[in-house]
Amino acid sequence: MQDARELLEALVGFPTVSRDSNLALIEFIEDYLGEHGVPFERIESDDGSKANLLARIGPEVAGGVVLSGHTDVVPVDGQPWTTDPFTLIDKGDGRLYGRGTCDMKGFIACALAQVPTWIEEELQTPIYLAFSYDEEVGCLGAPRLIERLMANHPRPGAVIVGEPTLMEPVVAHKGSTNFRTRVTGRAAHSSQIDQGVSAIHVAARLVTRIEDIMADLKREGRIDNAFNVAHSSLHVGKIRGGTAINITARECEFDWEIRHLPQDSAEELRRRVDDYARELETEMQKRAPETGIDTEALSRTVPALADRDNAEALCLCRELLCHELLRHESMDEKKPGAVAYATEAGQFQGAGLPSIICGPGSIAQAHQPDEYLEITQLEASVDFMRSLGRRLEA
């Protein structure tokens, strides 16, 4: 039987960067599950280059527990890694280094390592393994995985998404939407600036307004102190445009995002931006009718996870964590957390499934060069999986 560390080494060895296929990793997991007689199904992307994997251990009855993890990782391009990112490295400092160790192949490895034991325990309630593609680029794969789960299987009772939380239960996260705005101006020689409309100047005004909207939200008291950034955030990450220093720019585009609190609406926040864009566009077109501003969503909105309808899932998670020797306080006394990053948990909740987040590792290590997972966190996750099996055989 392979242990979690051996499986993590194998999983890290697959360079499943989101821009590339994850099929080799999926085939590895399928072979592993097949060796143990575990039924599974592959849910492919439209072009067949990527796939989700859904497996069930235990009887086909209602009330199962879904263990959800994504198989893709972020790129390593341009990062100052000191080791091969796709080789698991143990430097003897209590950490395992490699891309995806904490985000989030460590969780997947721990679940897979427990499969042979779960089979022997003859579970009375099933455990589902739900492994997705393209989480890192907008949670694109999970919706069709969730649709298949709900259509073909009895309704599960809880979903645990294993994103890195230092093995602490998290009950809420922000939603996320990415946008690209294109400003079309009129080119002219900069010595005749009144004959042109600078797309860069207009874009700059809109970018500033985006930041001002975020400040407005704070003034309006739209605050949730459960989050370390206690308000919905709007942020411009990239901007490009112009031809030369002495030409008023005909084109400028910028990429931006909204990360909204569960109680806020991404659509309402975008409308605030669009309303100002229409004001700017009216000014532009008085001078040059061919000018304009267009915004497109680069991805579907990743829904927020709200702290609601999750009492049973949270209770189960706390019960399993109380079995770990690393706990120094009662899990019932510790308030569950909220995080600013988005996950697939909001999508599971949107399907009516009680969902929480709990997994090994720290989000501070995710996406970083020399990403690592503390060995103690891997061990805590193994204990969590072991306790889950014992709980569901009762």
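Caption draft 1: Looking closely at the sheet that holds strand 11 (residues 251-260). Pairing in this open sheet of four strands is antiparallel, and the strands run 10-11-9-12 from one edge to the other. What marks the edges here is a single partner per strand, and that holds for strand 10 (233-241) and strand 12 (292-297). Each strand axis lies, on average, 20 degrees off the axis of its neighbour in the sheet, ignoring direction. Bridge analysis of strand 10 against strand 11 gives eight bridges, and the strand direction is antiparallel. The residue bridging His235 from the neighbouring strand is Glu257, located in strand 11. Sitting on the sheet, helix 5 (residues 199-219) touches strand 9 (175-184), strand 10, strand 11 and strand 12, and the angle it makes with strand 10 is about 170 degrees.

Caption draft 2: Region of the structure containing the layout of surface pockets. For the largest pocket, the calculated volume is near 720 Å³. What lines the largest pocket is a set of 28 residues, among which Glu136, Val137, Asn178, Arg259 and His367 lie closest to the centre. Contributions of two or more residues to the lining of the largest pocket are made by strand 9 and strand 11. Here the lining of the largest pocket gets three residues from one element, more than from any other, and that element is strand 9. Taken as a whole, the second largest pocket spans an internal volume of roughly 310 Å³. The element contributing the most residues to the lining of the second largest pocket is strand 13 (residues 337-339), with three residues.

Caption draft 3: Structural view of the pairing of strand 9. Judged from the ten bridges that link them, strand 9 and strand 11 form a sheet pairing that is antiparallel. Pairing of Gly175 across the sheet is with His260, part of strand 11. Bridge count between strand 9 and strand 12: six bridges; the pairing is antiparallel. Across the sheet, Thr181 pairs through a bridge with Thr295, a residue of strand 12.

Caption draft 4: Geometry of the side chain of Thr16. With respect to the helices and strands, the residue Thr16 is situated in the loop between helix 1 (4-12) and helix 2 (23-35). With residues near it in sequence (within four places) discarded, Thr16 still touches Ser21, Asn22, Leu25, Thr71, Asp72, Val73 and Lys105.

Caption draft 5: Layout of the pattern of salt bridges. The final tally for this structure, using the stated rule, is 32 salt bridges. A salt bridge links Glu290 to Arg186; the shortest N-O distance between them is 2.9 Å. Here Glu290, found in the loop between helix 6 (266-287) and strand 12, pairs with Arg186, found in the loop between strand 9 and helix 5; they are 104 residues apart in sequence, far enough to count as distant. For Glu220, the salt bridge goes to Arg222, with nearest N and O atoms at 3.5 Å. Through salt bridges with shared partners, a single network forms among Arg180, Arg182, Arg240, Glu253, Asp255 and Glu296.

Caption draft 6: Looking closely at the side chain of Thr83. Inspection of the secondary structure assignment puts Thr83 in the loop between strand 3 (65-70) and strand 4 (89-90). The exposure class assigned to Thr83 is buried, which follows from its relative accessible area of 17%. In this view, Thr83 contacts Ile89, Lys91 and Asp370; residues no more than four positions away in its chain are not counted.

What counts and what doesn't
- Residues numbered from 1 in each chain as written.
- Predicted model: local features only at pLDDT ≥ 70, side-chain atom pairs only at ≥ 80, totals over all residues.
- Heavy atoms only, no water.
- Pairing = 2+ DSSP bridges.
- Helix = DSSP H or I, 4+ residues; strand = E, 2+ residues; numbered from the N terminus.
- Axes fitted to C-alpha atoms, helices over the stretch in contact; angles between N-to-C directions.
- Contact = heavy atoms within 4.5 Å.
- 1 Å grid on protein atoms, 1.4 Å probe; cavity = no way out; pocket = protein on both sides within 12 Å on 5 of 7 lines; lining within 4 Å.
- Points joined across faces, edges and corners; volume = space filled by probe spheres on them.
- Salt bridge = Lys/Arg side-chain N within 4 Å of Asp/Glu carboxyl O.
- Buried < 20%, exposed > 50% of the residue type's maximum accessible area, 1.4 Å probe, protein only.

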